[in-house]
Structures are given as structure tokens and as C-alpha cells.
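Geometric and topological summary
Residue strings, one per chain:
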Amino acid sequence: MKALVIARLTFREALQRKLIWGVLALSLVFVALYAFGFHLLVREWNEMQARRPADGGGSILTYEIFASSMVMLGLYTVNFLAGIMTIFAAVGAIASEIDSGTLHAIIPKPLARWELVLGKYLGYAGMLVVYIAIMVGSVMLTARLIGSYTPPNIIQGMLLIVLVAMILLSLTMLGSTIFSTIANGVIVFMLYGMAMTGGLVEQIGTVLSNQTMINIGIATSILLPSDSMWRLASYVVQPQIAISFTRPNPLGTTVPPSATAVQYAIAYCLILLLGAMLVFRRRDL
């Protein structure tokens, strides 16, 4: 299948970009700082536990809550970095090659336009899956080795983070067939930020029983379901005691999206990818 050839070439090309290596370098810095931060948490907790008998007092907070919060911070950062990498890696997937004239040499060959779009999508998707797996693994390894803590349902949580990246990738690929590279980057990044803000507004509205704020969050999750999938990921990797303690914040939620939201997000990816194929098929080069 020609699309798989394009996917392999796209994967190799993406790894040669300075932007990708820059994100990888920053990711390594984050992992180092995260490990150091987890070490400080464990040290402070041990010191607090050592003082408790002398104080004669107790605490309703348990180590599991603190450790879970650190894991959530790590996964939130991974989700954010993966989103940024997705947008800026694929922002010019089609548009930049149209502007440079590269496609004029490719399209006349026995290669359907939909195969080109699908191949590029698969290439970027493969790169993102590898990146997310490594980063989530780093967070889990840090939590286990330094914090002696293992969160529940981590595979499910990682797959949901991958789904967030696929949502953004589908949107970016569609935008690349319509807009210029810069315009596409601005539009997708603003939608990404709006979805994150809308999710937090919905959480606050739930606590305040404010239906207007809840409706705003629902509307943004329909427009771009990336944040709703992150909130579900944050919910499934937390123990029940941590969920009960959680308050409205971008790291977690006490009211997870339903299974229908996951089905919608998957359909959203497929429809936008199909839309990108159809738009590019009719676009003048």
C-alpha cells in the first residue's frame, strides 16, 4: 500500500526536524525536573511522618493523594507537550508542500491524493504514539522507583492521551489542506487553548451548579473533544481517594465524560481525516 510508504517517509522526515529534537530536549529536561520534584515530595512526606508521633496529631491526607497528584502533574505535562508537538509537526503537512511545489512532482505519479494524506497522517501518528509511550513510561517509572507508587489503569490512560493527539492531528491535517501553514497553526492552537479553558469552565460550573458554564464546556468539547478525553484519562488513572479529594483544576476531574464522549472523539478523528482527504482531492495545486 502506497500510503504506508508515505507514512515511513513522513516518520523519518519528522525525526529530522529541529523542532522535534527541540521538543525531545525539553522533554528530557522535564523528566529530570519531574524526578527531582518527586524525590522532594517523598522526602518531605517522610519527614512529616517522622514528626507526627511527637506532634500527637494526625492528617486526613494520605501519601496516595500526594503521589497521585504528582502523577497527574506529569501526565498533564505529557499531554500538553504531545499536543504542542502534534500541532507544530503536522501544521504544514500539506500546505507547506503545496507552497514549495513539492507536490507537483509527487501527484502526477501513480499515487492517489487520499493515499498521500493518509500516509502522512499515519507517519505522524506513529511518531506521536512512540513519543507518548516513552513519556508516560518515564512518568510511571519515576513514580514507581522514586515514589513507590503505581497508579491504576495506566494503559487506558495512555491510550486516551494518544486519542487526544489523534484528535489534534486530524484537525491539523484538515486545516493544512485548507489554510496556509501559519494560519493553520494559529487556528488549531487557539482551538486547543479554547478547549482546555472550556473544560475548566465546565468543571467550575458543575461545582457551582451553573448550567450556563456547564453548557459552555459541553459546547467546546463538541467543537474539539481533546480536553474531555484528557479529563477522562485523568479520572481513570486516579485512585478513588484522590478523586474524592479533587477540586476543579486542569489536572483532573470528579465528573468524567461518558463512553459516548469517547465514541464521539473517535468518530471526530475519522470524519476530519476523511474530510482532509476529500478537500485535498478537490484542491487546485
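Source: prediction; values computed, not measured.

Procedures and definitions
Residues numbered from 1 in each chain as written. Predicted model: local features only at pLDDT ≥ 70, side-chain atom pairs only at ≥ 80, totals over all residues. Heavy atoms only, no water. Helix = DSSP H or I, 4+ residues; strand = E, 2+ residues; numbered from the N terminus. Phe/Tyr/Trp six-rings, centres within 6.5 Å; stacked < 30°, edge-to-face > 60°. Buried < 20%, exposed > 50% of the residue type's maximum accessible area, 1.4 Å probe, protein only. Patch = residues over 30% accessible without salt bridge, like charges linked within 9 Å, V, L, I, M, F, W, Y side chains within 5 Å. Areas by Shrake-Rupley, 256 points an atom, 1.4 Å probe, with all protein chains shown as cover. Salt bridge = Lys/Arg side-chain N within 4 Å of Asp/Glu carboxyl O. Core = buried A, V, L, I, M, F, W, Y, C linked by side-chain atoms within 4.5 Å. Contact = heavy atoms within 4.5 Å. Expected span 1.5 Å × (residues − 1). Polar contact = N/O pair within 3.5 Å; in protein donor to acceptor, adjacent residues only side chain to side chain. pLDDT = per-residue confidence, 0-100. 1 Å grid on protein atoms, 1.4 Å probe; cavity = no way out; pocket = protein on both sides within 12 Å on 5 of 7 lines; lining within 4 Å. Points joined across faces, edges and corners; volume = space filled by probe spheres on them. Axes fitted to C-alpha atoms, helices over the stretch in contact; angles between N-to-C directions. Parallel < 35°, antiparallel > 145°, perpendicular 65-115°, else oblique. Left-handed = near helix turned anticlockwise from the far one by under 90°. Nonpolar A, V, L, I, M, F, W, Y, C, P; charged D, E, K, R; others polar.

A word on unusual backbone geometry. Residues other than glycine seldom take positive phi values, yet serine 148 does so here, at roughly 50°. As for its position among the elements, serine 148 is in the loop between helix H6 (113–145) and helix H7 (154–176).

Another point: the packing of aromatic side chains. A ring pair, where both rings are aromatic, is described by two values, the distance of the centres and the angle of the planes. Taken as a whole and judged by the stated rule, the model has eight aromatic pairs. Aromatic side chains tyrosine 264 and tyrosine 268 sit 6.0 Å apart centroid to centroid with 50° between the ring planes, which places their arrangement in the tilted category. Here tyrosine 268 and tyrosine 264 lie together in helix H12 (residues 259–282), a separation of four residues that amounts to about one turn. Since its relative accessible area comes to 34%, tyrosine 264 is described here as partly exposed. Of the residues examined, tyrosine 268 reaches a relative accessible area of 9% and is grouped as buried.

Residues Ile178, Phe179, Ile187 and Val279 make up a contiguous nonpolar surface patch of about 290 Å² in total accessible area. Topologically, phenylalanine 179 is positioned in the loop between H7 and helix H8 (181–208).

Moving on, we come to the nonpolar core. With 80 residues, the main nonpolar core has Phe38 and Leu75 as its most contacted residues. Excluding anything up to four places from it in sequence, leucine 75 contacts Val136, Val139, Met140, Ile154, Ile161, Trp230 and Val237.

Glancing now at helix H9 (residues 211–223). In this model H9 runs 18 Å from its N-terminal to its C-terminal C-alpha over 13 residues, within 8% of the 18 Å that 1.5 Å per residue would give. Buried residues belonging to H9 abut H8, helix H10 (226–236) and H12. Residue asparagine 210 occupies the N-cap position of H9, its side-chain oxygen lying 3.0 Å from the main-chain nitrogen of threonine 212.

Here arginine 283 lies in the segment after H12. Remark: the alpha-carbon pair of arginine 283 and isoleucine 178, spanning 105 residues in sequence, is separated by 8.4 Å. Contacts of arginine 283, omitting those with residues within four sequence positions, involve Ile98, Arg113, Ser176, Thr177, Ile178 and Phe179.

Moving on: H7. Here H7 is 23 residues long and its end C-alpha atoms lie 33 Å apart, about the 33 Å a rise of 1.5 Å per residue gives. Of all 23 residues that make up H7, 20 are buried, and the element is covered over most of its length.

A few words now on the pattern of salt bridges. Close approach of charged atoms allows side chains with opposite charge to pair. Applying the stated criterion across every chain yields a total of two salt bridges. The salt bridge partner of aspartate 227 is arginine 231, with a shortest N-O separation of 3.1 Å. One end of the pair, aspartate 227, and the other, arginine 231, are both in helix H10, four residues apart, so they sit about a helical turn from each other. This pair shows no difference in class: aspartate 227 is buried, exactly as arginine 231 is.

A word on the confidence of the model for the protein chain. Reading predicted coordinates in detail is not appropriate for stretches of low pLDDT. Summary statistics for the protein chain give a mean pLDDT of 87 and a share of 89% for residues scoring 70 or more. Confidence, read as mean pLDDT per element, is least for helix H5 (residues 103–106) in the protein chain (60) and greatest for H7 (96). Ignoring residues within four places in sequence, the model shows residues 56–60, a span with pLDDT below 50, making three contacts including any to other chains.

For the second largest pocket, the calculated volume is near 230 Å³. Surrounding the second largest pocket, 15 residues form its lining, Leu24, Val130, Tyr131, Ile134 and Met135 being those nearest its centre. Elements with a contribution of two residues or more to the lining of the second largest pocket: helix H1 (2–15), helix H2 (18–55) and H6.

Bringing the environment of methionine 158 into the picture now. Looking at the secondary structure, you find methionine 158 in helix H7. Looking at methionine 158, the relative accessible area reads 19%, which means it is buried. On a C-alpha basis, the gap between methionine 158 and tryptophan 230 in space is 9.8 Å, while along the polypeptide they are 72 residues apart. Residues contacting methionine 158, with those up to four places away along its chain left out, are Ile132, Ala133 and Val136.

Turning to the side chain of serine 176, a few remarks are in order. Note on placement: serine 176 falls in helix H7. One polar contact links the side chain of serine 176 to the main-chain amide nitrogen of isoleucine 94, over a distance of 2.8 Å. Those residues in contact with serine 176 that lie beyond four places of it in its chain are Ala90, Val91, Gly92, Ala93, Ile94, Ala95, Asn184 and Arg283.

Where helix H3 (residues 63–90) meets H6, the closest approach of the two axes is 10 Å, and the angle between their N-to-C directions is 160°. In this view, H3 runs roughly antiparallel relative to H6, as classed from their interaxial angle. Note that H3 runs across H6; the crossing there is right-handed. Residue-level inspection shows Val71, Gly74, Leu75, Val78, Leu81, Ala82, Met85, Thr86, Ala89 and Ala90 of H3 in contact with H6, the latter providing Tyr124, Met127, Leu128, Tyr131, Ile132, Met135, Val136, Val139, Met140 and Ala143. Residue classes in the contact of H3 with H6 are distributed as 18 nonpolar, two polar and no charged.

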